[in-house]
Amino acid sequence: MTIFVNWCSLCSSMEKLRKAVNEMAYTQHHAKLSHLQLSLIPVLFFASSLYKAALSLRRALYHSGLLRKHRLPVPVISVGNLTWGGNGKTPMVEFIANYLADSGISPLILTRGYAGGDEAKMLHRHFLGRPVKIGVGAKRAAVAASFFERYGHVEPSSSKLCHGQKVGSHLSSEKIGTVILDDGMQHWSLQRNLEIVMINGLTLWGNCHSIPRGPLREPLSALKRADVVVLHHADLVPEQNLKDTDLMLREVNKSVPVFFTKMDPCYFFDVGNATSRKHVGDLSNTIVLCVTAIGSANAFAKGIEKIGAFYVDRLEFSDHHKFLAKDIEMIKRRLRELEDRFSSKPVVIVTEKDYDRDPYIFKHLDPFEVLALCSELKIIPNRGCTEESFKKLLKEVCT
């Protein structure tokens, strides 16, 4: 019993530390930091220096050829980012995979399966019955090789990617025609044909420091490698901020096309029955508690507010957090507080990622209703950068 209590206490302390570091990454002024956060600054600065040194060494080893870059036999589309979490990589991967599958090309998604593989589980569920393969593992060249051996691949010159072509009309639809590299920008061991960089429009670069002092995985100059930049959650960002960010991006990479995207709510499903459907409009004038463990919890909550909920409360955990019994008790306490305050039973809303991390844990919130929100990525027209022009880029890469 003592060991269990100590373990729970340790988990709670680690969660608080992760949240403190994450808040520091997106805080510009020291005056807004707590005493704990201020005390962490020297340690985090030192760790960031080590991280940058290791990154520079790794980059030099690849540049010199001492570390090998693998070339796959099919086109590779990398979807990555410069900062940690919440940039829309997985929704973009899904958007691309759906377009390719609808066009007669069978894509292979390569993902690390990080932190329990919640993203991979979600992709498996979404693509059930579709000609999309999903390979999970840190050594993605080896994972890809095993899939090519099993399914074969289509030579790029023989891939006929035609908009509107039905799945199955391509003779080699079961063979892999394209690889989509999820979280691929820093995965330099694989050569790619298209580098797509996702940016969270709400948080951008945070405090502009490198991990762990800040959210940057690489310096902003790495945007020069981008073939496409996507500003995600653009619908939640003031127009002037979008213009300023667009201008800044073009100062770093003059020729890069900048696309704007958003998450479009489709429907809810009950966590006890993933095949159920509930219209998003059914939550208007409802008391909602958003429970999230994702990289961009603020964007998710803002999206729920736009749906028309009467009141939206939040309980936010660090990205990829695995919910425990003590978390469920905390959520229940908040729900009871909301119920007493508004004299109405609140509804819990979670993300699909949080649902797929553990499909059963939220059932313990009974008798409160728990719904998962299903959304899909949409491209917002921006100075000629439209959905059609984005698909044209994909078509040029895959043929």
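Summary of the structure given here. (Residues numbered from 1 in each chain as written. Predicted model: local features only at pLDDT ≥ 70, side-chain atom pairs only at ≥ 80, totals over all residues. Heavy atoms only, no water.)

What to know about the overall build of the protein
For clarity, the threshold we go by: Numbering of helices and strands starts at the N terminus; helices are DSSP runs of H or I of at least 4 residues and strands are runs of E of at least 2. It is over C-alpha atoms that the radius of gyration is taken, and the globule rule equals 2.2 Å times the number of residues to the power 0.38. Accessibility here uses a 1.4 Å probe with only protein chains present; expressed as a share of the type maximum, an area under 20% marks a residue as buried, one over 50% as exposed, and anything in between as partly exposed. Any pair of residues with heavy atoms lying within 4.5 Å of one another is described as a contacting pair. Working definition of accessibility: Shrake-Rupley area with a 1.4 Å probe, residue cover restricted to the visible protein chains. We score Asp and Glu as negative and Lys and Arg as positive, and we do not count His or the chain ends. Here the site of a charge means atom NZ of a Lys, CZ of an Arg, CG of an Asp or CD of a Glu.
Counting secondary structure elements, the protein contains 10 helices and 12 strands. For 399 residues, the compact-globule estimate of 2.2 N^0.38 gives 21 Å, and the C-alpha radius of gyration of the protein, at 22 Å, lies within 12% of that figure. With respect to the three principal axes, the spread of C-alpha positions in the protein is 65 × 50 × 50 Å. Here the protein holds 399 residues, and 50% of them are scored as buried. In the protein, 77% of the contacts between residues at least 6 apart in sequence involve partners at least 24 apart. With an accessible surface of roughly 19,000 Å², the protein has 56% of that area assigned to carbon and sulfur atoms. Considering the protein, the positive charge centre built from 52 side chains and the negative charge centre built from 41 side chains are found 6 Å apart.

Considering the packing of aromatic side chains
To keep it simple, the criterion reads: When two rings of Phe, Tyr or Trp (its six-membered ring) have centres within 6.5 Å they constitute a pair, described as stacked for plane angles under 30 degrees, edge-to-face for angles over 60, and tilted for the intermediate range.
Counting across every chain of the model gives 9 aromatic pairs. Seen in terms of ring centroids, tyrosine 311 and phenylalanine 342 are 4.9 Å apart; in terms of plane orientation they differ by 40°. Their pairing is tilted. Here the residue tyrosine 311 occupies a position in strand β10 (residues 311–316), and phenylalanine 342 occupies one in helix α8 (residues 325–342), the gap between them amounting to 31 residues. According to the relative accessible area criterion, tyrosine 311 is partly exposed, its value standing at 25%. By relative accessible area, phenylalanine 342 is classed as partly exposed at 23%. For the ring pair phenylalanine 317 and phenylalanine 323, a centre distance of 5.0 Å and an interplane angle of 80° mean the geometry is edge-to-face. Accessibility expressed as a relative area gives 8% for phenylalanine 317, which makes it buried. By the ring-pair criterion, three or more aromatic residues cluster together here, those being Phe95, Phe259 and Phe390.

What about unusual backbone geometry?
The residue after isoleucine 211, namely proline 212, is reached through a cis peptide bond having omega 0°. With respect to the secondary-structure elements, proline 212 resides in the loop between β5 (194–200) and β6 (228–232). In this structure, proline 367 follows aspartate 366 across a cis peptide bond, with omega equal to 15°. Here proline 367 shows up in the loop between α9 (352–357) and β12 (370–380). Positive phi, close to 70°, is recorded for cysteine 208, a residue that is not glycine. Along the chain, the position of cysteine 208 falls in the loop between β5 and β6. Of the residues examined, cysteine 208 reaches a relative accessible area of 48% and is grouped as partly exposed. Even without being glycine, arginine 383 reaches a positive phi, approximately 50°. With respect to the element layout, arginine 383 can be found in the loop between β12 and α10 (387–398).

A few points about helix α3 (residues 89–102)
So the rule is basically this: Given a helix with a known number of residues, its expected span is that number minus one, times 1.5 Å.
With 14 residues, α3 should reach 20 Å at 1.5 Å per residue; the first-to-last C-alpha distance of 20 Å fits that figure. In terms of residue burial, α3 counts as a mostly covered element, since 11 of its 14 residues are buried. Every buried residue of α3 is listed here: Lys89, Thr90, Met92, Val93, Glu94, Phe95, Ile96, Ala97, Tyr99, Leu100 and Ala101. One or two steps after α3, the chain reaches glycine 104, where phi turns positive at roughly 95°.

Some points on the layout of surface pockets
What counts, and what does not: Here a cavity means grid points, on a 1 Å grid over the protein atoms only, where a 1.4 Å probe fits yet cannot get out; a pocket means an open set of points with protein on both sides within 12 Å along at least five of seven lines; lining residues are those with an atom within 4 Å of a point. Grid points are joined across faces, edges and corners, and a volume is the space filled by probe spheres set on the points. Charged residues are taken to be Asp, Glu, Lys and Arg, nonpolar residues to be Ala, Val, Leu, Ile, Met, Phe, Trp, Tyr, Cys and Pro, and polar residues to be all remaining types, Gly included.
In this model, the second largest pocket occupies a volume close to 310 Å³. Lys69, Trp188, Arg192, Glu195 and Arg225 are, among the 16 residues lining the second largest pocket, the residues nearest its centre. At 3 residues, helix α2 (residues 35–64) tops the list of elements feeding residues into the lining of the second largest pocket. Looking at the lining of the second largest pocket residue by residue, the class counts come to 5 nonpolar, 4 polar and 7 charged.

Quick word on the nonpolar core
Here is the rule we go by: Among the buried residues, those of types Ala, Val, Leu, Ile, Met, Phe, Trp, Tyr and Cys that are joined through side-chain atoms within 4.5 Å form a nonpolar core.
Judged by nonpolar contacts, the single largest core of 30 residues is most densely connected at Met92, Ile96, Ile109, Ile196 and Phe390. Every element with two or more residues in this core is listed here: β1 (76–81), α3, β5, β6, β12 and α10. With residues near it in sequence (within four places) discarded, isoleucine 109 still touches Val93, Ala97, Leu123, Phe127, Val132, Lys133, Ile134, Gly135, Ile180 and Asp182. Judged by nonpolar contacts, the second largest core, of 23 residues, contains Phe269, Leu289, Leu315 and Val348.

What to know about the environment of arginine 68
In this structure, arginine 68 sits in the loop between α2 and β1. For arginine 68, a relative accessible area of 60% gives the class exposed. Between the C-alpha atom of arginine 68 and that of serine 189, which follows or precedes it by 121 residues, the distance is 6.4 Å. Setting aside residues up to four positions removed in sequence, arginine 68 forms contacts with Tyr62 and Ser189.

Observations regarding the pairing of strand β8 (residues 273–278)
Across a regular strand the side chains alternate sides, sitting on one face of the sheet and then on the other. What counts, and what does not: Two strands are counted as paired when DSSP detects at least two bridges linking them.
By the bridge criterion, 2 bridges tie strand β7 (residues 258–270) to β8 in an arrangement that is antiparallel. Its bridge partner lying in β8, aspartate 270 is registered against asparagine 273. Adjacent in sequence and paired antiparallel, β7 and β8 are bridged by 2 residues.

Remarks on the side chain of threonine 351
Let me state the cut-off plainly: In protein, a polar contact requires one atom able to donate a hydrogen and another able to accept it; more generally it is a pair of N or O atoms within 3.5 Å, and residues adjacent in sequence count only if both atoms are side-chain atoms.
By secondary structure assignment, the location of threonine 351 is in strand β11 (residues 347–351). Separated by 2.9 Å, the side chains of threonine 351 and aspartate 354 make a polar contact. Sequence-distant contacts of threonine 351, that is, excluding residues within four places in its chain, are made with Val291, Thr292, Ile294, Phe300 and Ala372.

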